[in-house]
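Coordinate analysis (summary)
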Amino acid sequence: MSKFFRLCSCEFTKIIKKKSTKVMLIILIISLFASAGFAILTKKMYSLSDEIYENIDYKSNLQSEIDSLKHEINENNDSLDESSKNGIQAKIDIYQFAIDNQINIYTKYWKTDVITSDLLTSKEKIYNYKSLKDEESEKIEQENFNKISELLIKDDFIGYINNKKEMLKKDFDKGQINQNEYDDELYVLNLEEKYEIGKVYNPDDKWKINLINEIRLLQNNVRSGIDTTTQKALTEETLKKNKNNIKINEYRIEHNMAPYMTGVGDSIGSTRKSYDYMVSSFSMMIIAVMIIIMAGSSISAEISKGTIKFWSFTPNKRWKILLSKFIVITFILIVTTVLMSLLSSLVGNIFFGSANAQDYIYVSNGQVHTINYIAFSIIYNLVCAIDVFVFLIFAMMLSTVARNTAVAVGISIAAYLGGSTIMQILNLLIKKDWMRFIPFNNLELSSRIFTNDMSYSATTLVSNITGNISVSFSLGVLGVCAILMIITMFDSFRKRDIV
């Protein structure tokens, strides 16, 4: 055992002393700061976009819209039916109302929603009732319009919520919605009231409005049993996931934890999350290239240099020589991944503050739980390293079989960087069940295991791209491939002449 340990120690020292290893480690450290820079730049780009909307001369734009609509009525008066005329006139009145009351409808908060939906619809109904000479209905709708417009003028957010609740109750009493629909919408309105979501225009809180909309979507999925995004029936597992996502979204709103991909850069919290994903992606790519170079040159380089002859004269068996190299490179992969996770956390704290480092959220037994940020960062990156481990074995197998460093390293890096893109194209062209057995379709496990860090829409997008292959199935396929490559590697090294 001590001889094998010395064998591993010697191999580790040799790899660490290589210039290529040192260069890759320096690049890895640089990537941590580069990722922070990209995340900050992304935040500034979103902030610039928000400033454009804030500073836009919305009154001039609305006035131009009004003039255009008036021109449309005048030019096409004979060809337009009464309903179309009423719709256009309603828009003219509502845009003028927005100008008079200084409401920028190009921003996103409760007033803009009321104007562009409730108030506009109410105004259209008034004109339609007027055309039909239904004075009673017109009077009722005018009272409703006046009530809503007064809420806008007084900036009465709570009154707006209460009005929505009253209208909801009326719809329920009339039988227009059922009990589940009533309860679900009331639940959402209570959330909006409790956390004052959309009360004022705040670019940093846009993600909260997105989560509220997601909750409505998820509620509809649960009620109907159909995923409205994919139009597929929900399985028991996906039904449970939809219910859990509702709880997670509420937890995020309550604790001010913006998820990833709800609009990156909406807040400093989501910018930190953007950095976490960016640094993981960049760093793991650099680690993968470094590990593939190590593995791809592990045997072939020694054969080409003739240093392998030294090992043949030692009492160590061939399988031990190869095993030591395999263990050492795997050890370097694990240690580098863990250290990178810790360093990225430190750099993230420096640039974005430790307060914005979010714990991972998950639901167990109907209750929301969290995993510590640093612990999750390590676990997440170690799961990402599974892909690198597979290519480590692949590169080492090529190095042993082909005995050519350029071939082993070149093919492995090309497969790592381009394999997933090629598979996505093939998956679009070939719709066959056997495609899921291809190893490239079973990589990127982290995006399927840790889905709660992303918004529901982003999670659905990932599921559509990966084809909804289960994690256990992917691990099985990758495990079989790894075993076959290891057997091939050891068998070739044991039987072929190395001197």
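Structure shown above.
Residues numbered from 1 in each chain as written. Predicted model: local features only at pLDDT ≥ 70, side-chain atom pairs only at ≥ 80, totals over all residues. Heavy atoms only, no water.

1. Some thoughts on the overall build of the chain
Within the chain, the secondary structure is distributed over 19 helices and four strands. Looking at the 499 residues of the chain, the share that counts as buried comes to 45%. Of the contacts formed within the chain by residues at least 6 apart in sequence, a portion of 76% connects residues at least 24 apart. Surface exposure of the chain reaches about 25600 Å², of which carbon and sulfur atoms provide 58%. (Helix = DSSP H or I, 4+ residues; strand = E, 2+ residues; numbered from the N terminus. Buried < 20%, exposed > 50% of the residue type's maximum accessible area, 1.4 Å probe, protein only. Contact = heavy atoms within 4.5 Å. Areas by Shrake-Rupley, 256 points an atom, 1.4 Å probe, with all protein chains shown as cover.)

2. Some points on the pattern of salt bridges
Inspection of the entire model under this criterion finds 12 salt bridges. Across the pair Lys111 and Asp155 runs a salt bridge whose closest N-O atoms are separated by 3.5 Å. One end of the pair, Lys111, is in helix 5 (residues 110-131); the other, Asp155, is in the loop between helix 6 (135-153) and helix 7 (157-173), and 44 residues separate them in sequence. Classification of Lys111 as buried rests on a relative accessible area of 12%. Exposure remark for Asp155: the relative accessible area of 44% places this residue in the partly exposed category. One salt bridge in this structure joins Lys164 and Asp118, with 3.7 Å as the shortest N-O distance. (Salt bridge = Lys/Arg side-chain N within 4 Å of Asp/Glu carboxyl O.)

3. Structural notes on the side chain of Asn86
Tracing the sequence through the fold places Asn86 in helix 4 (residues 82-100). Judged by its relative accessible area of 6%, Asn86 is buried. The residues touching Asn86, leaving out its near neighbours within four places in the chain, are Tyr127, Asn128 and Ser131.

4. Considerations on helix 15 (residues 373-402)
Taking 1.5 Å per residue as the helical rise, helix 15 with its 30 residues ought to reach 44 Å, and the 43 Å between its terminal C-alpha atoms agrees with that figure. The principal kink in helix 15, of about 30°, is found at Asp387. Here helix 15 lies mainly inside the structure; 21 of its 30 residues are buried. Two to three positions downstream of the cap, the backbone nitrogen of Ile374 sits 3.0 Å from a side-chain oxygen, assigning the N-cap of helix 15 to Asn372. Downstream of helix 15 by a residue or two, Arg403 has a phi angle that is positive, lying close to 55°. (Expected span 1.5 Å × (residues − 1). Bend = angle between axes of the 7 residues up to and from the residue. Polar contact = N/O pair within 3.5 Å; in protein donor to acceptor, adjacent residues only side chain to side chain.)

5. Overview of the pairing of strand 4 (residues 367-371)
The pairing of strand 3 (residues 360-364) with strand 4 spans five bridges and is antiparallel. Counted as the bridge partner of Val363 is Val368 from strand 4. As consecutive antiparallel partners, strand 3 and strand 4 are separated by two residues, and within that stretch Asn365 has a phi angle of approximately 55°, a positive value. (Pairing = 2+ DSSP bridges.)

6. Section: a nonpolar patch on the surface
A surface patch of nonpolar side chains, amounting to about 550 Å² of accessible area, comprises Phe12, Ile16, Phe331, Val335, Leu339, Leu342 and Ile374. Residue assignment for the nonpolar patch shows that the elements contributing at least two residues are helix 1 (2-17) and helix 14 (318-352). With four residues, helix 14 is the largest single contributor of residues to the nonpolar patch. By secondary structure assignment, the location of Leu339 is in helix 14. (Patch = residues over 30% accessible without salt bridge, like charges linked within 9 Å, V, L, I, M, F, W, Y side chains within 5 Å.)

7. Regarding the packing of helix 5 against helix 7
Where helix 5 contacts helix 7, the axes come no closer than 11 Å and their chain directions differ by 40°. Here helix 5 lies oblique to helix 7, going by the angle between them. The chirality of how helix 5 crosses helix 7 is left-handed. In this structure, helix 5 contributes Trp110, Val114 and Asp118 to the contact, and helix 7 contributes Phe157, Tyr160 and Lys164. Considering only residue class, the contact of helix 5 with helix 7 consists of four nonpolar, no polar and two charged. (Axes fitted to C-alpha atoms, helices over the stretch in contact; angles between N-to-C directions. Parallel < 35°, antiparallel > 145°, perpendicular 65-115°, else oblique. Left-handed = near helix turned anticlockwise from the far one by under 90°. Nonpolar A, V, L, I, M, F, W, Y, C, P; charged D, E, K, R; others polar.)

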